[in-house]
Amino acid sequence: MYEQKVAVDIVRESFGDDVTKVFEFLVQRGKSSYKVINQSLGGKGGLAIKRIKQCLLVLIQHNLVTYEEFLLPLTKEEVEKLVPGEPLPSDSVYEAIIVNAIHRLRFPKFINYIKHSKGDEAAIILEELIDHGRLPMDLLIKQASQMQRNDTFEDQDEITKRFEDTFTRLIMDQFIMRAPRPRPISDQETSNALSKEAKKISGAGGNNVGAHQKKDSDPFALPSVGFSSNGPLSSVDDGTNDTESLEILTGKSTTPSQPKKAVAKKNAAKPKSTTTTTTTSAISSIGRKRKSRDILDEDDEEPDLLVIEENVEINVNDHNAANKNSTTTTTTTSNKTGQHTLKKSKLDLLGQQQQQQKQSDQPLSSRQQQNVMDQQRLIDESRVLWTINYEQFIIEFKLKACYDFVTEKNNQQSGLLFNAMVKLCKRSIRSNQDSLTSCVYGENILEEYNRDLDASKRMDKLQIEKYLSIMQASRPSMVTKMVSKSKQSSSSELGAYQVNVGNIIGIIKQKMVESIIKQKFGDNGLRVFKLLLIKNLLEPKQIAELAMIPPNECKALLFNMMQKNIIRLQEIPRSSDHFANRTFYLFFVDLPTIIATFTEDIFKAIYNTRERLKSELEPHKDALDKLIQLDEDQITEDQAKIYKKTDKITQTLLTVILNLDNDLLHLYSF
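Residues numbered from 1 in each chain as written. Predicted model: local features only at pLDDT ≥ 70, side-chain atom pairs only at ≥ 80, totals over all residues. Heavy atoms only, no water.

A. The arrangement of the overall build of the protein in detail. What the protein contains, in helices and strands, is 29 helices and 15 strands. Within the protein, the proportion of its 670 residues that are buried is 43%. Long-range pairs, those at least 24 residues apart, make up 68% of the contacts in the protein between residues at least 6 apart in sequence. (Helix = DSSP H or I, 4+ residues; strand = E, 2+ residues; numbered from the N terminus. Buried < 20%, exposed > 50% of the residue type's maximum accessible area, 1.4 Å probe, protein only. Contact = heavy atoms within 4.5 Å.)

B. Structural context of unusual backbone geometry. The omega angle of the peptide bond from R475 to P476 is 5°, so this bond is cis rather than trans. Here P476 is to be found in the loop between α22 (461–473) and β12 (479–481). For N63, which is not a glycine, the phi torsion comes out positive at approximately 60°. Relative to the elements of secondary structure, N63 occurs in the loop between α4 (49–61) and β2 (65–71).

C. Seen up close, the side chain of R134. Within the fold, R134 resides in the loop between α8 (120–132) and β4 (135–136). Reaching out from R134, the side chain makes a polar contact with the side chain of N63 at a distance of 3.0 Å. (Polar contact = N/O pair within 3.5 Å; in protein donor to acceptor, adjacent residues only side chain to side chain.)

D. The sheet that holds strand β5 (residues 176–178), seen in detail. The three strands lie next to each other as β4-β10-β5, forming an open sheet whose pairing is antiparallel. Each of the sheet's edge strands pairs with one partner strand only, and the pair in question is β4 and β5. As defined by bridge partners, β4 adjoins strand β10 (residues 385–388) across two bridges and the pair is classed as antiparallel. What sits directly across from L135, in β10, is W386. Here α8 sits on the sheet in contact with β4, β5 and β10, set at roughly 100° to β10. (Pairing = 2+ DSSP bridges. Axes fitted to C-alpha atoms, helices over the stretch in contact; angles between N-to-C directions.)

E. Here's a closer look at the nonpolar core. Judged by nonpolar contacts, the single largest core of 65 residues is most densely connected at F167 and F418. Among the elements that make up this core, the one with the highest residue count is helix α19 (residues 390–409) (11 residues). Not counting the four nearest positions on each side in its chain, F418 is found in contact with L399, C402, Y403, V406, M471, V499 and I504. With 64 residues, the next largest nonpolar core counts L41, I543, L591 and L660 among its residues. (Core = buried A, V, L, I, M, F, W, Y, C linked by side-chain atoms within 4.5 Å.)

F. Main features of the confidence of the model for the protein. Summarising the model, the protein shows a mean pLDDT of 76, and 72% of its residues fall at 70 or more. Scored below 50 in pLDDT, residues 201–212 makes four contacts in the model with residues more than four places away or belonging to other chains. This stretch, residues 227–347, has a pLDDT under 50; its non-local contacts, to residues over four places away or in other chains, come to 272 contacts. (pLDDT = per-residue confidence, 0-100.)

G. Region of interest: the pattern of salt bridges. What the rule picks out here adds up to 18 salt bridges. One salt bridge in this structure joins R106 and D661, with 3.1 Å as the shortest N-O distance. With R106 in the loop between α6 (98–103) and α7 (107–118) and D661 in helix α29 (residues 637–669), this residue pair connects regions lying 555 residues apart in the sequence. Note on D661: relative accessible area 2%, which makes it buried. The salt bridge partner of D577 is R582, with a shortest N-O separation of 2.7 Å. With relative accessibility at 46%, the residue D577 sits in the partly exposed group. The exposure class assigned to R582 is partly exposed, which follows from its relative accessible area of 35%. One salt-bridge network, held together by shared partners, links D9, E13, R610, E611 and K614. (Salt bridge = Lys/Arg side-chain N within 4 Å of Asp/Glu carboxyl O.)

H. Fine view of the packing of aromatic side chains. Overall, the coordinates contain 13 aromatic pairs when judged by the stated rule. Ring centres of Y113 and F397 lie 5.8 Å apart, and the angle between their planes is 85°; this geometry places the pair in the edge-to-face category. With a gap of 284 residues between them, Y113 in helix α7 and F397 in helix α19 connect regions that are remote in the sequence. Here Y113 falls in the partly exposed class, since its relative accessible area comes to 25%. With a centroid separation of 5.0 Å and 55° between ring planes, the pair formed by F175 and F393 is classed as tilted. (Phe/Tyr/Trp six-rings, centres within 6.5 Å; stacked < 30°, edge-to-face > 60°.)

I. Region of interest: a nonpolar patch on the surface. A cluster of nonpolar residues, V79, L82 and L88, forms a patch on the protein surface that exposes about 230 Å² of accessible area. Within the element layout of this structure, V79 appears in helix α5 (residues 76–81). The class of V79 is partly exposed, set by a relative accessible area of 45%. (Patch = residues over 30% accessible without salt bridge, like charges linked within 9 Å, V, L, I, M, F, W, Y side chains within 5 Å. Areas by Shrake-Rupley, 256 points an atom, 1.4 Å probe, with all protein chains shown as cover.)

J. Representation of the sheet that holds strand β13 (residues 496–499) within the structure. One open sheet accounts for three strands, arranged β11-β13-β12; its pairing is antiparallel. The sheet is open, and its two borders are formed by β11 (440–441) and β12, each paired with just one other strand. Sheet topology note: the β12/β13 ladder contains three bridges and is antiparallel. Within the sheet, the bridge partner assigned to T480 lies in β13 and is Q498. Sheet strands in contact with helix α20 (residues 412–424) are β11, β12 and β13, and its direction is about 95° off that of β13.

K. Structural view of α8. With 13 residues, α8 extends 19 Å from end C-alpha to end C-alpha; this agrees with the ideal 18 Å at 1.5 Å per step. Burial within α8 is extensive, with 11 of its 13 residues counted as buried. Among all positions in α8, only E121, A122, A123, I124, I125, L126, E128, L129, I130, D131 and H132 are buried. (Expected span 1.5 Å × (residues − 1).)

L. Region of the structure containing the environment of K400. Topologically, K400 is positioned in helix α19. Distance in space between the C-alpha atoms of K400 and N419 is 8.9 Å, their sequence separation being 19 residues.

M. Up close: the packing of α7 against α19. Axis separation between α7 and α19 bottoms out at 11 Å; the angle between their running directions is 70°. Here α7 is positioned roughly perpendicular relative to α19, judged by the angle of their axes. Residues F107, K109, F110, Y113 and I114 of α7 form the contact with α19, whose own contacting residues are Y390, F393, E396 and F397. Class assignment of the residues belonging to the contact of α7 with α19 gives a composition of seven nonpolar, no polar and two charged. (Parallel < 35°, antiparallel > 145°, perpendicular 65-115°, else oblique. Nonpolar A, V, L, I, M, F, W, Y, C, P; charged D, E, K, R; others polar.)

N. Just the environment of L627, in detail. Among the secondary structure elements, L627 is positioned in helix α28 (residues 621–629). We classify L627 as buried; its relative accessible area is 11%. In this structure the C-alpha to C-alpha distance between L627 and Y643, which are 16 residues apart in sequence, comes to 8.6 Å.

Right, dumping it as structure tokens:
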């Protein structure tokens, strides 16, 4: 319950009340079509149709909502009435992604990790994706390089080249991926999916079309088009100024159930936000107001062009109303024909070539077909949107926690050996899987371990074999050696090994639970808990003897822990009447249930802390707003006291939230 409350509160802080209404509805109702959303949130006193569509666009763009598009079944008469070339009628089902809303708490951790591991250029790219949610490759590179140029005044070509290399490296390391673009599917396609996959696997070889289809399905496929000073769209722009256009593709639909494409004019340089912090950046993140952006709003059509930014507010007032009330909000409309020039020049290029071939009544040659395919791939590549892969960050934090555990349990050499093994099999590790990793050979582990070390600190085969045997013999086992009968083990002198990430994470979670139980029930409670984990089922008398606790005190402690859902009671009657003297009462521990209970408690603590921070800053909101407009010399002594007070409260409560999120990361995300 508090998990949903925290997610909704995070969305409200970032995007406002209207977007929160749509997100909260999807959280409570689950998967819903646009018709259901409109019926529940629309009507008198509710949200307008255009407003709901734009809210869905915002949520999809920032990876907070996903959708599936299904083709509607048609009768024979409806099929005959279809116009050739137009998309088939479809309906979409939307679903809220609560986990991605929770990940927004960890954006500072993501940026800090990328900055220390990949450099400042990677951090700038990540910040751009955090602000915009999804961006095309060319615009992302231009905005990031322009920001760097404003700070360093270096040559534009060198900066762009450096950001291109950083962008490619982030894709290869899977920190950035292609945004999913669901395509309409029918019931027949769903039923024949397995048979089609079997045919593809059984087919020998493959053509270029199949290779590109496989690439489109891979979210980490590198872009096939090269960069230039004008971006990858320059070859099909027809002279259009690419620095003044931003195309945000969130999905296309022919029915009101699917939001249309969104594009808006924007300078290549990222505009500086006019919102300044009063105490710290945290204060502005709690109580900031989102500013209006240019959003197209027609009387009878859906918005074709839309830019959603992290620190702006959506305004869907009509064009006439915006002109009348320009002093309060800034909402402008642009020329529709000029806005569609870039889109038509790209999307109609292939159709014009095919139309010319049809008029000449001559079949396309192989070279012409290849040119058409290249142009189509160029257009498709320019429309690809890139976003952040949250799962990869969770994997990195997960492996860092495992490294700290191995280092603490054994020594520094064991931790470095663990990192060397992880580098060789990182692609087989997932954030939500506890299975074994892929096999790695001992010789490869030795080579990876000694690669960046001095000659005096390197290991030989005998030493590394001893360390691997110690890590295998530990409880729980950190690595597993393959049996000698397997092909992987027989082809290596040192053998083949697998990393037991699941076992290590299980112990880390158990240690976290034990620390919480010690805080709540003291040393005696922790001793009882660990005893029940080892023995599984015990009577109160046995627990008192083994834990060396007086019987009366032990019985009170057991019932107190049972009341808090830490331990459970199992009754085993010796007669059908369940008489107490003829019944065994055995206590046991259900660790997954305890982890779920503590996770809910952490969510509750985070929610209450955020509410406390809002209530503490609310009385001083007007005073803090005035401080923004004053210089340091004009600030009075009373205003300085308010500044120090709010800054101290904010720093304290935000530190509490970060510490709670660290515990939540271990119990919830790992």
